[in-house]
Amino acid sequence: MQSSLKQVTRLVIKQNVLSPFLGSVQIRGYATHDDVDLVVIGSGPGGYVGAIKASQLGMKTVCIEKNATLGGTCLNVGCIPSKALLNNSHYFHMAKGGDLDNRGIECGEVKLNLEKMMGEKSKAVGALTGGIKMLFKGNKVTHLEGHGKITGPNQVSVLGPDGEVTEVVNTKNIMIATGSEVTPFPGIEVDEETIVSSTGALSLKEVPEKMIVIGAGVIGVELGSVWSRLGSQVTAVEFMGHVGGMGIDMEMSKQFQRIMTKQGIKFKLNTKVTAAKKEGGKIIVSVESVKDGKVENMEADVLLVCVGRRPYTQGLGLEELGIEMDNRGRVPVNSRFQSVLPNVYAIGDCIAGPMLAHKAEDEGIIAAEGMVGGPVHIDYNCVPSVVYTHPEVAWVGKSEEDLKSEGVEYVVGKFPFAANSRAKCNNDTDGLVKILGDKKTDRLLGAHIIGPGAGEIINEAVLAMEYGASCEDIARVCHAHPTCSEAFREANLAAWSGKAINNM
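Residues numbered from 1 in each chain as written. Predicted model: local features only at pLDDT ≥ 70, side-chain atom pairs only at ≥ 80, totals over all residues. Heavy atoms only, no water.

Colleague: Even after reading the chapter, I still don't get the state of the cysteines, so can you show me in this structure?
Modeller: When the sulfur atoms of two cysteines share a covalent bond, that bond is a disulfide. Inspection of every chain in the model, using the stated rule, returns zero disulfides. Of the cysteine sulfurs around cysteine 63, a residue in no disulfide, the closest is that of cysteine 350, at 13 Å. Look at cysteine 63 and you get buried, because its relative accessible area is 0%. No disulfide involves cysteine 425; its sulfur sits 9.3 Å from that of cysteine 484, the nearest cysteine. Overall, the relative accessible area of 60% leaves cysteine 425 in the exposed class. (Disulfide = S-S within 2.5 Å. Buried < 20%, exposed > 50% of the residue type's maximum accessible area, 1.4 Å probe, protein only.)

Colleague: Explain the nonpolar core to me, please; I cannot follow it from the model alone.
Modeller: Side chains of a nonpolar character, in soluble globular proteins, are inclined to be buried together. In this structure, Val39, Phe136, Ile150, Ile176, Leu318 and Phe337 are the most contacted members of the largest nonpolar core, which totals 47 residues. If we skip the residues at most four places from it in the chain, isoleucine 176 touches Ile41, Ile150, Leu316, Leu318, Val344, Tyr345, Ala346, Ile347 and Cys350. Among the nonpolar cores identified, the runner-up in size contains 41 residues, and Val226, Met260, Leu269 and Leu304 belong to it. (Core = buried A, V, L, I, M, F, W, Y, C linked by side-chain atoms within 4.5 Å. Contact = heavy atoms within 4.5 Å.)

Colleague: What's the story with a nonpolar patch on the surface in this structure? I'm lost.
Modeller: Taken together, the side chains of Phe239, Met240, Met246 and Val290 make up a nonpolar region of the molecular surface, amounting to roughly 410 Å² of accessible area. Here valine 290 lies in the loop between strand E14 (282–289) and strand E15 (295–300). Valine 290 sits in the partly exposed class, given a relative accessible area of 39%. (Patch = residues over 30% accessible without salt bridge, like charges linked within 9 Å, V, L, I, M, F, W, Y side chains within 5 Å. Areas by Shrake-Rupley, 256 points an atom, 1.4 Å probe, with all protein chains shown as cover. Salt bridge = Lys/Arg side-chain N within 4 Å of Asp/Glu carboxyl O. Helix = DSSP H or I, 4+ residues; strand = E, 2+ residues; numbered from the N terminus.)

Colleague: What exactly am I supposed to notice about helix H10 (residues 218–229) here?
Modeller: Structural remark: α-helix, 3.6 residues per turn; residues separated by three or four positions point the same way. Helix length check: H10, at 12 residues, gives a terminal C-alpha distance of 17 Å against a target of 16 Å (1.5 Å per residue), a fit within 8%. For H10, the set of buried residues is Gly220, Val221, Glu222, Leu223, Gly224, Ser225, Val226, Trp227, Ser228 and Arg229. Looking one or two places after H10, you find glycine 231, whose phi comes out positive at around 120°. (Expected span 1.5 Å × (residues − 1).)

Colleague: Looking at this model, I keep getting lost on the sheet that holds E15. Mind explaining?
Modeller: The strands making up a sheet are joined through hydrogen bonds of the backbone, oriented either antiparallel or parallel. Read from one edge to the other, the open sheet built from three strands follows the order E13-E14-E15, with strand pairing classed as antiparallel. Of all strands in the sheet, those bounded by a partner on one side alone are strand E13 (271–279) and E15. Between one strand axis and the next, the sheet turns by 25° as a mean value, whatever way the strands run. (Pairing = 2+ DSSP bridges. Axes fitted to C-alpha atoms, helices over the stretch in contact; angles between N-to-C directions.)

Colleague: When you look at the side chain of asparagine 173 in this model, what are you seeing that I'm missing?
Modeller: In this fold, asparagine 173 is placed in strand E7 (residues 165–176). Residue classification places asparagine 173 among the buried residues on the basis of a relative accessible area of 14%.

Colleague: Hey, could you run me through the sheet that holds strand E20 (residues 392–397) in this one?
Modeller: Across the sheet, which stays open at both edges, the five strands sit in the order E19-E20-E23-E22-E21 with antiparallel pairing between neighbours. Two strands in the sheet have a free side with no partner beyond their single neighbour: strand E19 (385–387) and strand E21 (410–416). Across the sheet, the mean angle from the axis of one strand to that of its neighbour is 10°, orientation sign disregarded. Two strands pair when backbone bridges link them, and E20 and strand E23 (residues 444–451) are joined in this way by six bridges, in the antiparallel orientation. The residue bridging glutamate 392 from the neighbouring strand is glycine 451, located in E23. Its contacts with the sheet put helix H17 (residues 486–497) on E21, strand E22 (432–438) and E23, and the angle it makes with E21 is roughly 145°.

Colleague: Would you mind showing me how to read the packing of helix H4 (residues 45–56) against helix H12 (residues 357–371) here?
Modeller: Two quantities define a packed helix pair, namely the angle between the helix axes and the distance between the axes. Look at H4 against H12: their axes get within 7 Å of each other, and the N-to-C directions meet at 30°. With respect to H12, the element H4 is oriented roughly parallel. Note that H4 runs across H12; the crossing there is right-handed. Taken together, the residues of H12 that come into contact with H4 (itself represented by Pro45, Gly46, Val49, Gly50, Lys53 and Ala54) are Ala357, Ala360, Glu361, Gly364, Ile365, Ala368 and Glu369. Class assignment for the residues of the contact of H4 with H12 results in seven nonpolar, three polar and three charged. (Parallel < 35°, antiparallel > 145°, perpendicular 65-115°, else oblique. Left-handed = near helix turned anticlockwise from the far one by under 90°. Nonpolar A, V, L, I, M, F, W, Y, C, P; charged D, E, K, R; others polar.)

Colleague: Could you clarify how one ought to interpret the packing of aromatic side chains in this entry?
Modeller: This structure, assessed with the given rule, holds zero aromatic pairs. The ring centre of tyrosine 312 lies 5.1 Å from the NZ or CZ of lysine 66, which sits over that ring. (Phe/Tyr/Trp six-rings, centres within 6.5 Å; stacked < 30°, edge-to-face > 60°. Lys NZ or Arg CZ within 6 Å of the ring centre and 35° of its normal.)

Colleague: I would appreciate a short explanation of the packing of H4 against helix H8 (residues 114–138) in the present structure.
Modeller: Contact geometry for H4 and H8: axes closest at 10 Å, N-to-C directions at 20°. Relative to H8, the element H4 lies roughly parallel. As H4 runs across H8, the sense of the crossing is left-handed. In this structure, H4 uses Tyr48, Ala51 and Ile52 to contact H8, whose residues at the interface are Ile132, Leu135 and Phe136. Of the residues belonging to the contact of H4 with H8, the class tally is six nonpolar, no polar and no charged.

Colleague: What is the right way to look at the environment of alanine 419 in this model?
Modeller: As for its placement among the helices and strands, alanine 419 is situated in the loop between E21 and helix H14 (421–425). Between the alpha carbons of alanine 419 and phenylalanine 92 there is a distance of 27 Å; along the sequence they are 327 residues apart. Those residues in contact with alanine 419 that lie beyond four places of it in its chain are Asn502 and Asn503.

Colleague: Please clarify how unusual backbone geometry should be interpreted in this entry.
Modeller: One can expect most non-glycine residues to show negative phi and most peptide bonds to be in trans. At the junction of histidine 390 and proline 391, the peptide bond is cis and its omega measures out at 0° in the coordinates. Note on placement: proline 391 falls in the loop between E19 and E20. Backbone torsion omega between histidine 481 and proline 482 reads 0°, so that peptide bond is classified as cis. Here glutamate 192, not a glycine, exhibits a phi torsion of approximately 60°, which is positive. Looking at the element boundaries, glutamate 192 is found in the loop between strand E8 (180–182) and strand E9 (195–196). Judged by relative accessible area, glutamate 192 falls into the partly exposed class, the value being 34%. The phi dihedral of phenylalanine 337 falls on the positive side, at around 70°, and the residue is not glycine.

Shape is all these values report; function is a separate question.
The structure is reproduced here in C-alpha cells:
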C-alpha cells in the first residue's frame, strides 16, 4: 500500500500544492516537467486495453475514468449487460415457448423472475469491471477517478463531481478514448423509466405489455429481441428501408427480418417518428410513412429510443488546444491516430469508423505501439460486425451492394444451415452462409452469416481475409465434423467451384 501511494505521489501533482499556480500553468499551456509517458482518458475497451499495452511496452501510464467503475459503456451499460440478457432471455424463451418440451424436456409451469435475471446480468458486469481493476494493478497502470480534461499540450487535469480540479498529471502523450454516448431524439425526453435509451432498457423493472423501438439497427433489434422473448409485444419503427443497420448485406437483411418477424417482432420500415407524448399512463407515438406521408398514432407502455450514438468529445478541453472536431463531433486523426497535436492521440468511437468495441481495442493497442516506434496498421475492411440475436448475424468485408457500386466482378457461394448436420442435430437451422469471392482471383472479399454461432464463425473469415486467402484455400482446409463451421467451408466451396457437397 505504501509503495503504491508513493507511486501516485510521484506521478500526480495534488491540487493543494499547485493551486496558487494552476491558472498560470493552464494559461501557459505546457507542463513544467514530464511525470508520466501516457495519460489515457477513458477506460472503455479502447482505453483500458491501450493503457495496459502502453504499460507493457514500458510506458508509465495513467488512466482517468469519470465513472465509479471501469470498462466504459461496453462493460457497464452496453455490450456485456445486453449479451447477458440476450443469452438468458433465450433460455426463457426456449422453455416458455415449448422448444424444450419439443426436445423431451418437460419443465412444467415456467415463470420469469426478472429481478433474478437482472441480478445475473449485474454479477457478470461486476466481475468484468472488477477484473479490469485487477489488470491495471497487475500491469502497473495508475487509475484516477474523475473527469479528465486536457489543460495543456502535456497536461491533463482531473475534475471532481463539482467541476473543481482535484489532481493534475503532466505527461508526454495523451490518448483520448472517451467513447460515445446515446444520441438524443429531438423532442423526446428520455426519463429511463417509460421512455428509455439502451441504458434504461437494460434495467426495466417489469416486462412492458407493449414496447415501441425507434430504430431497427443492431442495438434496437437486440434489445427488442430481449423484451419480445420475455413477453412484450415489440414494434420497431425504422426510417430506413431495411433492418440491421449500416453495412449489412441487403439479402441477409431481408432474411434477418423474416426470421425476427417469425419470432414475433413487428417492423415498420420507411417510417419516421414525429412525436411522442405520455397520456393516461401510456406513451402515444406519432409516426409518418416516408413514402406516402400517411400518419398513424401508436400506443406503448415503454418507448425505447435507439437512433445511434455520438462521440463523447465535449468538455475535454480540445477546442482550447486548437483541436477541432469534424461535423459529427469526432476527432480527426492521421494513420497513427495523432490529432493536429502529434502527442495527442484519439481512438475508438470518438474518431471515424464503426463504433465497435473490438475496433477500439485494436486501435488502442496499435496507437500505443506507434508511440514507442512500432508499425501502425489496421485494415478496417477486416473489422467484423455481429448482431447477437438468435440466430446471430455477422459479416465482414464487402457486401454485394459494395461490390456492385465499386464495379468489382464477383461470385457468390451460399450454404444453408438447414443442410448442416450439426445445426440439424441441434434443431437450430435458420439462416445461411453467404460468401463473396473475386471472379478473377478467387480472393475472399466478404462473408455474411445468419445462423447459430455466427459471431464465432465470422472470425475464421476475418483471419482468412487478413491473410489474403482465396475461397479455394478455405474450401481445402479440413473442418471438424459435425460443426456449424462446416457451413462456412461449404459456402466457400460453392463460391470457388460452383457447387457445395452437401446441398443440391
